[in-house]
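# Observations on the model geometry
Letter by letter, the chains look like this.
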Amino acid sequence: MGLTRQRRAASRAATAGVVLGLVGCVVACAPPGPASESPPSIGAPTASGAGPPGQDAGGDPSTRAARRAAAELLAVRGVALAARDRTGWLATVADPGSDEGRRQGTAYDNLVALGVRQLTVSSIRDLPVVPSSATGAGPVSGASWTGVVEMAWAIPGYDSGGRSTTRTIRIVDTDAGWRVARDGGPTDQLQAWDLGALAVERSTSTLLVGDVDPATLRARLADAAAAQDRLGRLVGGTTPAVLVVPADPTAAARQLGRPDAASLGSLAAATDGPLGPDGRSVADRVVVNPAGFAALTDEGRRVVVAHELTHVAVRATVPGDVPTWLSEGLAEYVAMQGVSVPDTVVAARLLERVRAQGVPSALPSSVDFEPTRAQVPTAYQQAWLAVRAIATRYGEPTLMAFYRRAAGAAGPGGGTADARTVAALGEVLGTTPEAFLAACGAELRALAAA
């Protein structure tokens, strides 16, 4: 599922140079794999010769043999990664001197730079093949085999669980035995270690990685530090976060499971990651789109980073879902605390609408946040003002108590997110949906008249 936002000030001159761009959340909710720093057994065959689930399932003898070879190659890579043995890793590559071979070597270097020691393979299966003739075609073509590997990985110290990934691999039968000719297909969602040579900057709470100049990462690390201070007070502790900063917009899209740079539009950043069994995120990544980010001023970039880090912190600490207006409004509330811009400028699009049509009759729905809708900026502005009204009137501890109750993390968790939010209005804030909406409307009228 995906959530995106676009916010533009009505008058750029009035914003003191702040450009508020497109931010988004792209959340993959697949169950995570285990996080561990112990030595791996990456598809390691057992004494009976069986490897990961599905390795020997069906197929002719040549196909089964190729799957076993793939498992053995991944096992060798696992041992090499755990031992920090680059030579051992490269020994699994068909042609280390080719562009693809060098890319696989860079992937090893990047895994080491990230501190990763384990890639946990859960299955290996044949790539589905469309028959090319009446006689058909199998997964083994000549002396090569193409398949799909399911694996999970985690960054020690930052991830509490594994990120699952599906890799398309191609192995070839050489004079020296089976070797990996290609790791990663054109439609795979790529991972941080698939980028070019990584630069890494880190603090106690935030890891910045990217195939960019280290100075670029240090600037984002400073933005993250300011946001983490505010978030620590809000959620009651520091949440480790990982920001991925690709040099190329297409690489950013592939990190988010999208096909190309055009699919991101002017998106500035997005959050992607799996949820654990208890409904909390375990390995989120904030992926920065260099094209969308370049359109922002320094202050606008701080807003984007703070917005996404709010999603990371809340998703990691509060299980359950809430209405989109509450989730995005909270992220906006935290992000806008670091901006010195008048309310009438930040909410300019919404106030134009109020002056022309009156106050909205309801809080924005999830559909209102879709980026293709012309009024998406007003949805974010209305959500921000609604959440800020709670914080201003009741205080931030009560705001978070309200959020947790709406998510089902405190009190009964049944029913829809909207139903839980109605219950939270009464139980936590002592109000009703009608009274809350009327109070928000009164603030809007006052701002529109200012």
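Residues numbered from 1 in each chain as written. Predicted model: local features only at pLDDT ≥ 70, side-chain atom pairs only at ≥ 80, totals over all residues. Heavy atoms only, no water.

When the terminal C-alpha atoms of helix H14 (residues 433-449) are compared, their 24 Å separation across 17 residues agrees well with the 24 Å that a helix rising 1.5 Å per residue should span. Of the positions making up H14, those classed as buried are Phe436, Cys440, Gly441, Leu444, Leu447 and Ala448. Down the axis of H14, the sector holding all buried residues measures 135°, keeping them to one side. Exposed residues lying more than 90 degrees from the buried face of H14 are Glu434, Arg445, Ala446 and Ala449. On the buried face of H14, the contacting elements are helix H8 (324-336), helix H9 (343-346), helix H10 (348-357), helix H11 (376-394) and helix H13 (417-427). (Helix = DSSP H or I, 4+ residues; strand = E, 2+ residues; numbered from the N terminus. Expected span 1.5 Å × (residues − 1). Buried < 20%, exposed > 50% of the residue type's maximum accessible area, 1.4 Å probe, protein only. Arc of directions from axis to C-beta. Contact = heavy atoms within 4.5 Å.)

One finds Leu309, Trp325, Leu326, Leu330, Tyr333 and Phe402 to be the most contacted residues of the largest nonpolar core, which totals 69 residues. If you tally residues by element for this core, the top one is H11, at ten residues. Excluding its chain neighbours within four sequence positions, the residues that come into contact with tryptophan 325 are Leu363, Pro364, Phe369, Ala383, Ala386, Val387, Phe402, Thr421 and Phe436. Membership of the second largest hydrophobic core comes to 42 residues, among which are Met151, Leu195, Val242 and Val287. (Core = buried A, V, L, I, M, F, W, Y, C linked by side-chain atoms within 4.5 Å.)

Before going further, it helps to examine the side chain of arginine 420. Here arginine 420 lies in helix H13. The buried category is assigned to arginine 420, whose relative accessible area is 5%. Leave out the neighbours within four places in its chain, and arginine 420 touches Asp321, Arg405, Ala406, Ala407, Gly408, Pro412, Gly413, Gly414 and Gly415.

Next up on the list: unusual backbone geometry. Even without glycine at this site, arginine 84 takes up a positive phi of about 55°. Tracing the backbone through its elements, the reader meets arginine 84 in the loop between helix H1 (61-83) and helix H2 (86-90). Judged by relative accessible area, arginine 84 falls into the partly exposed class, the value being 26%.

What follows is about the environment of threonine 344. Its place among the elements puts threonine 344 in helix H9. Here threonine 344 falls in the partly exposed class, since its relative accessible area comes to 33%. A C-alpha to C-alpha distance of 9.8 Å links threonine 344 and alanine 449, two positions 105 residues apart in sequence. Sequence-distant contacts of threonine 344, defined by excluding residues within four places in its chain, comprise Leu351, Leu447 and Ala450.

The predicted structure's coordinates, where accompanied by low pLDDT, should not be read in detail. Of the residues in the protein chain, 84% have a pLDDT of 70 or more, and the chain-wide mean is 84. Across the protein chain, H2 holds the top mean pLDDT of 98, while strand S1 (residues 2-6) sits lowest at 31. For the stretch residues 1-22, pLDDT sits under 50, and the model shows 70 contacts to residues farther than four places along the chain or on other chains. Within the model, the stretch residues 25-51 combines pLDDT values under 50 with 83 contacts to residues more than four positions away or in other chains. (pLDDT = per-residue confidence, 0-100.)

Attention shifts here to the packing of H11 against H14. Put simply, H11 and H14 touch, their axes get as near as 10 Å, and they point 110° apart. Judged by the angle between their axes, H11 and H14 are roughly perpendicular. Residues Leu385, Ala386, Arg388, Ala389 and Ile390 of H11 lie in contact with H14, whose contacting residues are Phe436, Cys440, Glu443, Leu444 and Leu447. When its residues are assigned to classes, the contact of H11 with H14 shows eight nonpolar, no polar and two charged. (Axes fitted to C-alpha atoms, helices over the stretch in contact; angles between N-to-C directions. Parallel < 35°, antiparallel > 145°, perpendicular 65-115°, else oblique. Nonpolar A, V, L, I, M, F, W, Y, C, P; charged D, E, K, R; others polar.)

With respect to the helices and strands, glutamine 255 occurs in helix H5 (residues 249-255). You can call glutamine 255 buried: its relative accessible area is 5%. Once you skip the residues sitting within four places of it in the chain, glutamine 255 turns out to touch Gln189, Leu190, Gln191, Ala192, Leu195, Val244, Pro246 and Val287.

Our next topic: the pattern of salt bridges. A complete count under the given rule lists 20 salt bridges for this structure. A salt bridge links glutamate 150 to arginine 125; the nearest nitrogen and oxygen atoms lie 3.1 Å apart. With glutamate 150 in strand S5 (residues 144-153) and arginine 125 in strand S3 (residues 119-126), this pair connects stretches of sequence that are 25 residues apart. Looking at arginine 125, the relative accessible area reads 38%, which means it is partly exposed. Across the pair aspartate 321 and arginine 420 runs a salt bridge, and its minimum N-O distance is 2.8 Å. Here aspartate 321 is found in the loop between helix H7 (298-317) and H8, whereas its partner arginine 420 is found in helix H13, with 99 residues between them in sequence. In this structure aspartate 321 comes out as partly exposed when scored by relative accessible area, which is 46%. Among the charged side chains, a network of salt bridges with common partners joins Arg77, Arg167, Asp183 and Asp194. (Salt bridge = Lys/Arg side-chain N within 4 Å of Asp/Glu carboxyl O.)

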